[in-house]
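# Chain and residue survey
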Amino acid sequence: MAISENQKWFPESRFGLFLHWGPYSLYGRGEQVLFREHLDQDDYEAKARAWNPEEFDAKSWAKTAREAGFKYAVLTTRHHDSYALWDTKYSNYNSMKCAPKRDFVREYVDAFREAGLKIGLYYSWADWTSKAYWSDPDEHPEEWSALRDMTHNQVEELLTNYGKVDVFWFDGSWPHPALKWDSQGLLDRMRELQPDILVNNRLDADSPFTKSQGAVEFAGESRTMGDFGTPEHHITADESRIWESCQTSTWRLWGYCRGERWRPTDLLLDFLCQSASQGGNLLLNAGPQPDGRLPAEFIERSAAIGRWLAVHGEAIYGTRRGDLTEFTTKGWQTRRGNSLYLIYRFWSQESAERIAELATPVKSATLLTTGQSLEVENREDAVYIKGLPLLQPTELFPVIRLNFDSAPEAKDWAKGRLWNLDPKEMLPWVREIDQSK
Ligand code: FHN
């Protein structure tokens, strides 16, 4: 699926911030607490209507996001609990009509746009407060069409009243197929309203693709509709279109979790480097607190990633997949023009690096982390990059940039190494063993 010139900012960005925020944060047990704990709907709604996050400051969120190196953000405007974070006229269950008396989407859009980030809005088809949602549309056609019309109307509101929206992130189409949601009809209307908008693939619960196609969890991801794929909790390249892996910064849940375990910074950075090395984006999630502040643990981790990107960002932003050498045992690689970036998760503490797979001679090499030039020796068997510091030069991932006179290529046997060609390519490497000895 080709994207337009005006949409190319998305794959070039590589790094987006996912924000799961709503009244569910009051419980501190994730975004699905209403359903997972089978809470009383009236009690939940009363608590939600009274929710008033007085510490919420969108400019503070935007500053954190910019300093962390995020290039776009996606805010949950309405999750499955149906509470809307904007002044929608199709429901009074929203942040303007309830206690806050604020349009949080307006504040988010204005602050993030001013900070220079692209704007993404998340919207859940699923509505756990609706009997129609839990019913068979054919058995309750009137209720179902009212639910479907509300989703279409609310999406149209979001694409009409908040300026340019760059990404629209649907979620929760299950258990209903695109035909029942009229997903295509809404997509067509969205493109009339915002011609350059990028819409994800969560539009159809009728086309669950199997684990063999990379699905780890069934999230109603269409294989044919939408502009980009959304592997969730996994990183799986999709050759057919642009894609974005969404991952939590805590161990599991997306909404705020008191006492949840936090993933370490190097693992979160590894998600970004792996996604970029496979030609995709990472949408890294934060679950803001019920008072409206981002968790300190997230701010700490994202700031560290931002400091790494300030030095090594050219190995991530605007790059494309790198798979020229085996490298997996040491880290990830990305490409840009005539450069190959080697992103080291493991620093071998050797003064020289031997790379045997490259067919194109290396012209020069730089340790991005320190800026120092490295000695390069191109030999018959391999290229040797010399003068490396024995001690790892950065707490996170050191990066070496290899420069070439043309786009670098791998040797034929190296292409076959990962069994994506004929294993017989390896025969010349196997010594002829004198059986008489
Ligand atoms: O059910 C939601 C879940 O709460 C969360 O929003 C994730 C984020 O991608 N999407 C759905 C599960 O696939």
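Quantities reported herein were computed from a predicted structural model and do not represent experimental measurements. (Residues numbered from 1 in each chain as written. Predicted model: local features only at pLDDT ≥ 70, side-chain atom pairs only at ≥ 80, totals over all residues. Heavy atoms only, no water.)

Near the ligand lie 15 residues; those nearest to it are His20, Glu31, Gln32, His80 and Asp171. One of the side-chain N or O atoms of His80 is found 2.8 Å from an oxygen atom in the ligand. Between the ligand and Tyr122, the relevant distance is 3.4 Å, taken from an oxygen atom to a side-chain nitrogen or oxygen of the residue. Across the complex, the protein chains shield 95% of the 330 Å² of accessible surface that the ligand would expose by itself. A per-class count over the shell around the ligand returns seven nonpolar, four polar and four charged. (Near = heavy atom within 4 Å. Polar contact = N/O pair within 3.5 Å; in protein donor to acceptor, adjacent residues only side chain to side chain. Areas by Shrake-Rupley, 256 points an atom, 1.4 Å probe, with all protein chains shown as cover. Nonpolar A, V, L, I, M, F, W, Y, C, P; charged D, E, K, R; others polar.)

Across the sheet, which stays open at both edges, the eight strands sit in the order E5-E4-E3-E2-E1-E8-E7-E6 with parallel pairing between neighbours. Each edge of the open sheet is held by one strand with a lone partner, namely strand E5 (198–199) and strand E6 (228–229). Taken together, the two bridges between strand E4 (residues 167–171) and E5 define a ladder with parallel strand orientation. Bridging from a neighbouring strand, Phe168 pairs with Val199 of E5. In the packing of helix H6 (residues 141–161) onto the sheet, contacts are made with strand E2 (72–78), strand E3 (118–124) and E4, and the angle to E3 comes to roughly 165°. The sheet strands contacting helix H9 (residues 265–277) are strand E1 (15–19), strand E7 (242–248) and strand E8 (281–286), and the helix crosses E8 at an angle near 155°. (Pairing = 2+ DSSP bridges. Helix = DSSP H or I, 4+ residues; strand = E, 2+ residues; numbered from the N terminus. Contact = heavy atoms within 4.5 Å. Axes fitted to C-alpha atoms, helices over the stretch in contact; angles between N-to-C directions.)

Another point: helix H5 (residues 104–114). Helical geometry note: an α-helix holds 3.6 residues per turn, so side chains three or four residues apart project in the same direction. Buried residues of H5: Phe104, Val105, Tyr108, Val109, Ala111 and Phe112, and no others. Of the surrounding elements, those touching the buried residues of H5 are E1, helix H4 (58–67), E2, E3 and H6. Capping the start of H5, Asp103 holds a side-chain oxygen 3.2 Å from the backbone nitrogen of Val105, two or three residues further along. Note on H5: the residue one or two positions beyond its end, Gly116, has a positive phi of about 90°. (Buried < 20%, exposed > 50% of the residue type's maximum accessible area, 1.4 Å probe, protein only.)

Turning next to the nonpolar core. By size, the foremost hydrophobic cluster in this structure holds 87 residues, and its most contacted members are Phe112, Phe168, Phe170 and Trp308. Domain assignment of the residues forming this core places at least three in each of domain 1 (5–315) and domain 2 (322–414). Residues within four places of Phe170 in sequence aside, it is in contact with Tyr123, Trp125, Val155, Leu186, Met190, Val199, Asn200, Arg202 and Leu203. Core analysis: the next-biggest nonpolar cluster, separate from the first, contains 20 residues, Phe327, Trp347, Ile385 and Ala410 among them. (Core = buried A, V, L, I, M, F, W, Y, C linked by side-chain atoms within 4.5 Å. Domains from an automatic or database assignment.)

What follows is about the sheet that holds strand E11 (residues 339–344). In space, the eight strands of this open sheet follow the order E9-E10-E11-E16-E13-E14-E15-E12, with antiparallel pairing throughout. The open sheet has two free edges, formed respectively by strand E9 (320–321) and strand E12 (352–355), since each of these has just one partner strand. Summarising the sheet, strand E13 (residues 364–367) and strand E14 (residues 372–378) pair through three bridges and their orientation is antiparallel. Looking across to E14, one finds that Ala365 is bridged to Leu374. Relative to the sheet, H9 contacts E9, strand E10 (331–336) and E11, its axis offset from that of E10 by approximately 45°.

Before going further, it helps to examine the packing of H4 against H5. In contact at an axis separation of 8 Å, H4 and H5 are set at 40° when each is read in the N-to-C sense. Pair H4 / H5 crosses with right-handed handedness. Only Glu107, Tyr108, Ala111, Phe112 and Glu114 of H5 make contact with H4, whose side of the interface consists of Ala58, Lys59, Trp61, Ala62 and Ala65. Per-class residue counts for the contact of H4 with H5 are seven nonpolar, no polar and three charged. (Left-handed = near helix turned anticlockwise from the far one by under 90°.)

Tracing the sequence through the fold places Leu19 in strand E1. The exposure class of Leu19 is buried, given its relative accessible area of 0%. Residues contacting Leu19, with those up to four places away along its chain left out, are Trp61, Val74, Leu75, Thr76, Tyr108, Phe112, Asn285, Ala286, Pro288 and Leu294.

Interface extent is often summarised as the accessible area lost during association of the parts. When its domains are assigned, the chain resolves into domain 1 (5–315) and domain 2 (322–414). Placing the centre of domain 1 and that of domain 2 at their C-alpha centroids yields a distance of 37 Å. Of the residues lining the interface, 15 residues belong to domain 1; the matching set on domain 2 comes to 14 residues. Together domain 1 and domain 2 conceal approximately 1300 Å² of surface at their shared face, both sides included; 63% is due to carbon and sulfur atoms. Taken as a group, Ser277, Glu314 and Ala315 account for 38% of the area that domain 1 buries against domain 2, more than any other trio of residues on that side. Taken together, domain 1 and domain 2 are joined by two salt bridges. (Buried area = accessible area lost by both parts, 1.4 Å probe. Salt bridge = Lys/Arg side-chain N within 4 Å of Asp/Glu carboxyl O.)

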